[in-house]
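Report on the structure
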Amino acid sequence: MLLHGLLAVLAATGAMAHPKVVDGRLEQRGLEDRAVVEERELATRASTATACSYTITSYSTVASGVASKCNNLVLKAFTVPAGKALDLSGLATNTNVNMKGDITFASGTNWAGPLFVIKGTNVNFQGNGYTFNGNGQDYWDTKGSNGGVTKPKMAKISNSGSFRNAIFLNTPVQAISVGATSPLTIAGVTIDNRAGNTLSGGSALGHNTDCFDVSASNVLIDSNKCYNQDDCLAINKGTNITFSNNYCNGGHGISIGSIQSDVVVKTVVIKGNAIVNNTNALRIKTVYGATNASVTDVTYKGNAASGTTTYGVDIQQDYENGSPTGTATSGVKIKNVVFSGTNKIGMASSGKQAYVLCGSGTCTGFDFTGLCFTGGSKGSVSGVSSITGFTLGSQTCS
Ligand SMILES: *[C@@H]1O[C@H](CO)[C@@H](O)[C@H](O)[C@H]1NC(C)=O
Ligand SMILES: *[C@@H]1O[C@H](CO)[C@@H](O)[C@H](O)[C@H]1NC(C)=O
Ligand SMILES: *[C@@H]1O[C@H](CO)[C@@H](O)[C@H](O)[C@H]1NC(C)=O
């Protein structure tokens, strides 16, 4: 359109009436380039937020709110119909979103979700303590994503910028998938799936309710609270991921993995977290038979766990969903895993302090100097030739 317009104007003013034979095409090409560039600039401008405010008061006004490109979007209380998502994936650059009411996701449709999606450059989401209610209790059947009814994932957060101070209540299955690649901070978020601890036939109703599943780079996840029945954190891939000062209650602990084939995880810092009544505290699990993958430069610092029922520190290379094989494979390299400062891991009487099962030559640069345990039994270490600063069973907290 723009190109045609320009050419029309130039033709009308006679600028193109007598093009030189030799460089006429070049001249036209030059115009084309300029037009393309202008069009691109227009597009960029159009996707940057402008100074205005739009209040989204119902599900039916979400799309108009996003399309407004206003830099201030307000989310009032409303209900998202069953089988639908609250889709903020088209946000303009520099948008601020403010919650001013609770948002409920109606149940009644068994689909995969996610119920909430947010994406955009330099987007800052402020939850102001309001709640996204996933109505998980209407889906929970003890089977999570391994069976039973199809359950929607709760949220996919892929914006750069920040996501703060929202509560996710009763997520049907996995709570937050983090997919950002540019700097993102997630802070002050609470995931509350305590209602899923209710037993049915001896099993918790909520299952696979991971709080943070991370396949992302340049992410800081700080000062959040997680009450659930699976991993507090599971890092599947990515570089430069910090998980700090979080509170994890009732789940399976803080994990890197399960690491599949063809994946890189690098530069992970896990510090200052409280891990209360989890099955495991700190884990790295790689999938049995996985190849061409690596986990490099992981630092644990100042973490504290209590009531850990299965493993305190668990690094295992035989992982299969639910039933590890007991035999480690060697296709995933785990390099430079360092416990620095003091990491105090309190075990329940049933728990084993350490369980390390590495493939041959795959675990190197392990330094467990800053690691101590209370309670439990010592566990076992195999497949790794030496761990600096560590003697199994003698690493008692003073
Ligand atoms: C690492 O991630 C943090 C948190 O998002 C970010 O502030 C920092 O700039 C990133 N570092 C690099 C080298 O990109
Ligand atoms: C190994 O993994 C990387 C990604 O980390 C991928 O780009 C590469 O293609 C993989 N190599 C093979 C042989 O599959
Ligand atoms: C941790 O588990 C113990 C034993 O079941 C229980 O008494 C305690 O209240 C739990 N603590 C928290 C904070 O959940």
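Every value quoted in this text rests on a predicted model; they were computed, and no experiment measured them.

So, the environment of Gly179
Mapping Gly179 onto the fold places it in the loop between strand S13 (176–178) and strand S14 (184–187). The spacing of Gly179 and Ser160 is 19 residues in sequence and 9.6 Å in space, taken between C-alpha atoms. Not counting chain neighbours up to four residues away, the residues in contact with Gly179 comprise Lys156, Ser158, Ser215 and Ala216.

Regarding the site of ligand 3
Around ligand 3, the neighbouring residues are Asn249, Val276, Asn277 and Gly307. Residues of the shell around ligand 3, tallied by class, amount to 1 nonpolar, 3 polar and no charged.

A word on the UniProt feature "active site" (unreviewed entry) in the protein
Per the UniProt annotation, the sites labelled "active site" (unreviewed entry) are His252. Here His252 shows up in the loop between strand S22 (247–249) and strand S23 (253–259). Beyond its immediate chain neighbours, meaning those up to four positions away, His252 contacts Asp230, Asp231, Asn278, Thr279 and Asn280.

Focus: the site of ligand 1
Taken together, Pro183, Leu184, Asn218, Val219, Leu220 and Asn240 are the residues near ligand 1. For the shell around ligand 1, a count of residues per class yields 4 nonpolar, 2 polar and no charged.

Let's talk about the nonpolar core
Counting residues in hydrophobic clusters, the biggest one holds 94 residues, and the most contacted among them are Phe168, Ile176, Val178, Val214 and Leu233. The contacts of Val214, once residues within four sequence positions are left out, are Val178, Val219, Leu233, Ala234, Ile235, Asn236, Gly238 and Ile241.

Basis of the calculations
- Residues numbered from 1 in each chain as written.
- Chains lettered and ligands numbered in written order.
- Predicted model: local features only at pLDDT ≥ 70, side-chain atom pairs only at ≥ 80, totals over all residues.
- Helix = DSSP H or I, 4+ residues; strand = E, 2+ residues; numbered from the N terminus.
- Contact = placed C-beta atoms within 7 Å.
- Near = placed C-beta within 6 Å.
- Nonpolar A, V, L, I, M, F, W, Y, C, P; charged D, E, K, R; others polar.
- UniProt positions renumbered as here; feature names shortened; annotations may be inferred.
- Core = buried A, V, L, I, M, F, W, Y, C linked by C-beta atoms within 7 Å.
- Buried ≥ 20, exposed ≤ 12 C-beta atoms within 10 Å, placed from the backbone.

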